[in-house]
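Structure assessment
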Amino acid sequence: MKKILFVLCICYMMFLSSCSSQESNVLSESENESVSAWYTGYSQIYLNDSGVFFLRNDPFSGGEQLYFYDYQSTAFVPLCNKPECSHKAVDVTTSKALCNAQICTTAFVEYQNRIYYIGTTEMNLSLCVRDIDGENDKMIAKLDASYMGARFWIYDNTAFVTAATSVSDSFSPETHSSNQSEKILFAVDIKSGKVTELARSPLASSPNTFVAYHFEKGIVSFYDEFLDEWFIYNIQTQAYESDSKMNELMPDISFDGYSSDGDLAMAFVGDYIYCLGNFETEIVLISLKTGERQVIDITKRDISGYCELKDYGLIFMEMDGDGNQEMYLFDYDHGNLLNISGCELNRSDTFVYISGRKNGLVYQFFNQDTEMFEYRYVTIENILDGSDEYQFICNSD
């Protein structure tokens, strides 16, 4: 069995290598695509075009390991290249890493066939990188912050990281700010390790304090929720400045209605901002091209979770008064509100994790027969066709 896992892992890495060598134009184009990681505090999942990366707990030592699920072969393997490895993450007697799949991170992405991740060293955050098989693990740069913010992006060989200073008891729910704890936006050159602090904000609780929403020709567009202002960053000149066009178009995007935890819930998808307003029972849609806003009354029930589905729209879950949940895809461009019948939901008293990409989504499901949570994958084709088909990936930790 160990040899089979090793061979599957090697096959995946050989596939990546052949793609980069035979289709160099594809790799060069990927440098101009953005990737992002979302830190939820629950489980870390990242989808790419080939499969799903999972961060899983090692039951033997309590450490964490990186696994990969391949869409086509349905293989689910730890990303370790050691042929005789037991895949136990850590020796509990020495705390020494035993398996190359072992990783300590709060968020990660796959970019240009390598894993970039946020690590913690001596109470400070760091940006790190490793090969897909766990080799050549190294730190790129230290960040002068204590906690991961909510998200980080990589585009054009630059990582943009939202981070926070130490948590403070002075946080005010009225102003959504703190005098002692701040959010910071860093830009890190992943080749040289140079770190630039772009912005700092007292809005320490919201995941949307800094949002990177558009990437094109070396320019990254940001929205600063605390200032309610728009900014652009030029990677070549390293200039972070006000976006006068967007600030004139949309000088104020605030609206009545925050999510239950006090944070403004926003998702930037395509040419729109999807905002969950009115205590999460409606969606406020704002056009990034015209500034026009509409209240989309698509639900009378609480929205219990959401994620962005690139190029398609917003995936969200509804919960009625009895605790029943359903999942939908809202695609405004095509006027579609699709019930995702393949995503059977239950156990509404627990958090259901969903993560999406343009080719599909992964979600958690409580299997009443096994009394275990499991991860399932649904393709975008099945979502749009209304099919109830899904792929079982693995049981949750």
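Residues numbered from 1 in each chain as written. Predicted model: local features only at pLDDT ≥ 70, side-chain atom pairs only at ≥ 80, totals over all residues. Heavy atoms only, no water.

1. Points about the environment of Lys245
Tracing the chain through its elements places Lys245 in helix α3 (residues 244-249). Between the C-alpha atoms of Lys245 and Trp230, which are 15 residues apart in sequence, the distance is 8.8 Å. (Helix = DSSP H or I, 4+ residues; strand = E, 2+ residues; numbered from the N terminus.)

2. Some thoughts on the sheet that holds strand β5 (residues 76-78)
Taking strand neighbours across the sheet as the criterion, the four strands line up as β2-β3-β4-β5 in an open arrangement whose pairing is antiparallel. The outermost strands of the open sheet, each flanked by one partner alone, are β2 (45-47) and β5. Within the sheet, the average angular offset between the axes of one strand and its neighbour, ignoring direction, is 25°. (Pairing = 2+ DSSP bridges. Axes fitted to C-alpha atoms, helices over the stretch in contact; angles between N-to-C directions.)

3. Here's the deal with the layout of surface pockets
The volume enclosed by the second largest pocket comes to roughly 400 Å³. Tyr213, His214, Lys245, Met246 and Leu288 are the residues nearest the centre of the second largest pocket, which is lined by 14 residues in total. Elements with a minimum of two residues in the lining of the second largest pocket: β16 (210-216), β17 (219-224) and α3. Classifying every residue of the lining of the second largest pocket by side-chain character gives six nonpolar, three polar and five charged. (1 Å grid on protein atoms, 1.4 Å probe; cavity = no way out; pocket = protein on both sides within 12 Å on 5 of 7 lines; lining within 4 Å. Points joined across faces, edges and corners; volume = space filled by probe spheres on them. Nonpolar A, V, L, I, M, F, W, Y, C, P; charged D, E, K, R; others polar.)

4. Considering the nonpolar core
Counting residues in each nonpolar core, the largest one holds 36 residues, and the members touching the most others are Phe53, Phe152 and Ile154. With sequence-adjacent residues up to four places away left out, Phe152 is seen in contact with Val35, Ser36, Ala37, Ala107, Phe108, Val109, Tyr116, Tyr117, Ile118, Leu127, Phe160 and Val161. (Core = buried A, V, L, I, M, F, W, Y, C linked by side-chain atoms within 4.5 Å. Buried < 20%, exposed > 50% of the residue type's maximum accessible area, 1.4 Å probe, protein only. Contact = heavy atoms within 4.5 Å.)

5. Observations regarding the pairing of strand β4 (residues 64-70)
Extensive coverage of β4 is indicated by the burial of six of its seven residues. With seven bridges joining them, strand β3 (residues 51-57) and β4 adopt antiparallel strand pairing. Among the inter-strand pairings, Phe53 is bridged to a residue of β4, identified as Phe68. Between the end of β4 and the start of β5, which pair antiparallel, lie five residues, with Thr74 showing a positive phi angle near 65°.

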